[in-house]
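Observations on the model geometry
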Amino acid sequence: MNINIQSVHFDADSKLVSYVSEKLKKLDTFHDQILKVDVFLKLDNVVHTIKDKIAEIRVHIPRHDFFVKSSSKSFELSFDTAMESIVSQIKRKKEKLAA
């Protein structure tokens with residue numbers, strides 16, 4: 001599994017990058033054919049004073065791609081919410097294929 005973490009319009013610190021990569025390693029338990037995982041961490045400054053933190057996860061599996069986007073006040077919370085959604089998508093697809 002190839003993991004690609006990109007921070008857009010800011011430099012992510014090493015704690016955030018290691019937090020994200022550790023959580024992504026657990027994806028192998030849900031599907032064994034994951035080829036690539038792209039994570040995009042972005043700052044959204046629609047409202048000028050408050051900047052929302054956006055986490056986008058794209059998972060590439062043969063013949064299927066999964067994509068989730070989540071935003072909150074912290075990157076960890078955004079990433080955790082997106083991770084839960086991507087795991088449920090992967091589980092649903094795997095159950096459909098098994099049926």
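See the structure above.
So, here's what we can say about the structure.

**Here we look at the packing of helix α1 (residues 14-24) against helix α2 (residues 75-98)**
Across the interface, α1 lies against α2 with an axial gap of 11 Å and an inter-helix angle of 15°. With respect to α2, the element α1 is oriented roughly parallel. Judged by the twist between their axes, the crossing of α1 over α2 is right-handed. Contact residues: α1 offers Leu16, Tyr19, Val20, Lys23 and Leu24, while α2 offers Phe75, Glu76, Phe79, Asp80 and Met83. Residue composition of the contact of α1 with α2, by class: seven nonpolar, no polar and three charged.

**Some words on the side chain of Asp38**
When you line up the elements, Asp38 lands in strand β2 (residues 36-44). Here Asp38 falls in the buried class, since its relative accessible area comes to 7%. In terms of polar contacts, Asp38 uses its side chain to reach the side chain of Asn4, at 3.5 Å. Contacts of Asp38, omitting those with residues within four sequence positions, involve Asn4, Glu56, Ile57, Arg58 and His60.

**Observations concerning α1**
Inspection of α1 places Leu16, Val20, Ser21 and Leu24 among the buried residues, and these make up the whole buried set. Within α1, the buried residues cover an arc of 125° as seen down the axis, which keeps them to one side. Away from the buried face of α1 by more than 90 degrees, exposed residues Ser14 and Lys15 are located. Buried residues belonging to α1 abut β1 (2-8), β2 and α2.

Reading guide: rules and limits
Residues numbered from 1 in each chain as written. Predicted model: local features only at pLDDT ≥ 70, side-chain atom pairs only at ≥ 80, totals over all residues. Heavy atoms only, no water. Axes fitted to C-alpha atoms, helices over the stretch in contact; angles between N-to-C directions. Helix = DSSP H or I, 4+ residues; strand = E, 2+ residues; numbered from the N terminus. Parallel < 35°, antiparallel > 145°, perpendicular 65-115°, else oblique. Left-handed = near helix turned anticlockwise from the far one by under 90°. Contact = heavy atoms within 4.5 Å. Nonpolar A, V, L, I, M, F, W, Y, C, P; charged D, E, K, R; others polar. Buried < 20%, exposed > 50% of the residue type's maximum accessible area, 1.4 Å probe, protein only. Polar contact = N/O pair within 3.5 Å; in protein donor to acceptor, adjacent residues only side chain to side chain. Arc of directions from axis to C-beta.

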